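# Descriptive structure summary
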Amino acid sequence: MIAAPALAAPACFEGQRKVEEANALRFQARQEARIGNHDRVCETLDEIGDRYADARDAFEDCGAGVVAIDLRSESRNLRVAKKVNRCD
């Protein structure tokens, strides 16, 4: 119940928007991988990482640290995707 008012903060809206952008970019990365555009996959994965970092910062600013912790696990999954796609 304490997190509900915090999620109404403008920073939380910004964090949610960044997560939605990252989800759209994940779809785009899958499509690029499907057609074999390796360079674009890696660029898109980098963009996803940027969106997750922005979202994590926004959620921490609004007091929704639990959501920020969940984004850290998404960032770990992103590192795995980069390794699988040989982006590092």
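Data block above holds the structure.
Small disclaimer: the values here were computed from a predicted structure and weren't measured.

### Notes on the state of the cysteines
Evaluation of the coordinates by the stated rule reveals two disulfides. Two residues, Cys 12 and Cys 62, share a disulfide whose sulfurs are 1.7 Å apart. Handedness of the Cys 12-Cys 62 disulfide follows from its S-S torsion of about 80°: it is right-handed. Here Cys 12, found in helix H2 (residues 10-35), pairs with Cys 62, found in the loop between helix H3 (38-61) and helix H4 (65-84); they are 50 residues apart in sequence, far enough to count as distant. On the basis of relative accessibility, which here comes to 11%, the residue Cys 62 falls in the buried class. One disulfide bridge connects Cys 42 with Cys 87, the sulfur atoms lying 2.1 Å from each other. Note on the Cys 42 and Cys 87 pair: the S-S dihedral is about -80°, so by sign convention the disulfide is left-handed. Pair noted here: Cys 42 is in helix H3 and Cys 87 is in the segment after H4, with a separation of 45 residues, a long-range link. Disulfide partners in the chain, listed by the sequence order of the bonded cysteines, are 1-3, 2-4.

### Points about the pattern of salt bridges
Tallied over the full model, the rule gives nine salt bridges. Its salt-bridge partner being Arg 17, residue Glu 21 comes within 2.3 Å of it at the nearest N-O pair. You can see Glu 21 and its partner Arg 17 sitting in helix H2, four residues apart, about one turn around the helix. Classification of Glu 21 by relative accessible area gives partly exposed; the value is 22%. Residue classification places Arg 17 among the partly exposed positions, given a relative accessible area of 36%. The salt bridge involving Glu 21 is made with Arg 51; its shortest N-O contact spans 2.7 Å. Here Glu 21, found in helix H2, pairs with Arg 51, found in helix H3; they are 30 residues apart in sequence, far enough to count as distant. Accessibility expressed as a relative area gives 22% for Arg 51, which makes it partly exposed.

Cut-off values and rules
Residues numbered from 1 in each chain as written. Predicted model: local features only at pLDDT ≥ 70, side-chain atom pairs only at ≥ 80, totals over all residues. Heavy atoms only, no water. Disulfide = S-S within 2.5 Å. Helix = DSSP H or I, 4+ residues; strand = E, 2+ residues; numbered from the N terminus. Buried < 20%, exposed > 50% of the residue type's maximum accessible area, 1.4 Å probe, protein only. Salt bridge = Lys/Arg side-chain N within 4 Å of Asp/Glu carboxyl O.

Nothing here speaks to function; it is all geometry.
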